[in-house]
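# A look at the structure
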Amino acid sequence: MGTIVDLSLELDALPLGGALAATEGLELELEPVVPIGPRTCPFFWLFDRSLRTSRSDRIETFERHVEDTEKVDDLVRIGDVENGVLYRVGWSGDELPFVDGVVAADGAILEATATSTEWTVRLRFGGPTRIATFQQFCRKHDIKIELNRVVGLEHERSAAPATLTSGQAEALLMAARMGYFDRPRTTTLEEVAASLDVTPQAVGGRIRRGLSNLVTDALPVGDDRGDTRSGRDDH
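Notes on the structure in this doc start here. Since the structure is predicted, the reported quantities are computational estimates derived from the model, not experimental observations. (Residues numbered from 1 in each chain as written. Predicted model: local features only at pLDDT ≥ 70, side-chain atom pairs only at ≥ 80, totals over all residues. Heavy atoms only, no water.)

## What about the overall build of the protein?
Per the secondary structure count, the protein includes 8 helices and 8 strands. Burial statistics for the protein: of 235 residues in total, 40% are counted as buried. In the protein, once contacts between residues fewer than 6 apart in sequence are set aside, the share between residues at least 24 apart is 61%. In the structure as shown, the protein presents an accessible area of about 13,300 Å², 50% of it carried by carbon and sulfur atoms. (Helix = DSSP H or I, 4+ residues; strand = E, 2+ residues; numbered from the N terminus. Buried < 20%, exposed > 50% of the residue type's maximum accessible area, 1.4 Å probe, protein only. Contact = heavy atoms within 4.5 Å. Areas by Shrake-Rupley, 256 points an atom, 1.4 Å probe, with all protein chains shown as cover.)

Here is the structure:
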């Protein structure tokens with residue numbers, strides 16, 4: 001039936017990442033368009049969650065940075081919503097290696113969001129062989145990806161438990177052993193990262209995504225264990 005892959009990606013692997021890195025506090029959501037190809041994702045949303053208006057200094061700074069991005073010909077505001085803006089973007093050139101890798105493996109981009117630290121992307125492939133083709137393409141073209149979750153479509157639709165990646169499990173175990181989840185904390189994210197020889201941003205992402213997967217496991221959609229409408233006080 002196919003396979004869903006959730007992964008993290010360095011900002012510079014896709015256009016607009018450099019502008020996001022220069023303007024902290026913004027969130028970007030691409031709107032993929034089928035069929036996938038070099039001109040995929042001509043629309044995206046940009047949000048400044050700290051405000052209730054689309055007139056944000058950070059958003060304007062982002063726009064100025066985008067104008068200087070080599071892979072973008074033009075940027076047009078389509079409409080504004082509370083704390084966000086919808087854009088249409090014109091990509092320049094055909095060199096989008098990450099997208100090419102998805103195309104080479106007959107995949108599709110389902111979701112793509114980004115902050116000032118990384119892209120989070122959801123892909124769909126025909127199965128493990130296609131995923132292997134995609135990973136091989138990424139290695140060949142030095143595209144650094146981190147797999148966060150791989151699940152069959154049938155399990156995705158039935159809300160079956162997700163599996164932690166080895167990186168997520170390692171980060172969660174180390175954080176727990178070092179007292180990161182204690183109150184008060186007895187260690188910092190920087191110390192956990194140093195013990196794993198990774199950056200604080202990387203270990204923070206692994207902990208966040210790992211906890212998200214564990215919550216999904218424990219409280220699947222449709223499970224009445226997570227229904228709080230009964231008013232029962234569980235303390």
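## As for the environment of Tyr180
As for its placement among the helices and strands, Tyr180 is situated in the loop between helix H6 (166-177) and helix H7 (189-196). The spatial distance from the C-alpha of Tyr180 to the C-alpha of Glu191 is 9.4 Å, given a sequence separation of 11 residues. Setting aside anything within four residues of it in sequence, one finds Tyr180 in contact with Ala175, Arg185, Thr187, Thr188, Leu189, Val192 and Ile207.

## Regarding the side chain of Gln168
If you trace the backbone, Gln168 turns up in helix H6. Owing to a relative accessible area of 0%, Gln168 belongs among the buried residues under this scheme. A polar contact of 3.0 Å, which involves the side chain of Gln168, links it to the backbone oxygen of Asn148. Here Gln168 is in contact with Asn148, Arg206, Arg209, Gly210 and Asn213, once residues within four sequence places are set aside. (Polar contact = N/O pair within 3.5 Å; in protein donor to acceptor, adjacent residues only side chain to side chain.)

## Focus: a nonpolar patch on the surface
Residues Phe181, Leu211 and Leu214 make up a contiguous nonpolar surface patch of roughly 230 Å² in combined accessible area. You can see Leu214 is positioned in helix H8 (residues 200-218). (Patch = residues over 30% accessible without salt bridge, like charges linked within 9 Å, V, L, I, M, F, W, Y side chains within 5 Å. Salt bridge = Lys/Arg side-chain N within 4 Å of Asp/Glu carboxyl O.)

## Considerations on helix H2 (residues 57-67)
Looking at H2, one finds that the buried residues are Ile59, Phe62, Glu63 and Val66. End-on, the buried residues of H2 take up no more than an arc of 100 degrees, which puts them together on one face. In H2, those exposed residues whose orientation departs by more than 90 degrees from the buried face are Asp57 and Glu67. Contacts made by the buried residues of H2 are with helix H1 (17-21), strand E2 (27-31), strand E3 (43-47), strand E4 (72-81) and strand E5 (84-91). (Arc of directions from axis to C-beta.)

## Examining the pairing of E4
Sheet topology places E4 next to E5; 8 bridges connect them, and they run antiparallel. Residue pairing in the sheet places Arg77 in a bridge with Tyr87 of E5. The antiparallel pairing of E4 with E5 creates a hairpin that spans 2 residues between the two strands, and Asn83 there sits at a positive phi of about 55 degrees. (Pairing = 2+ DSSP bridges.)

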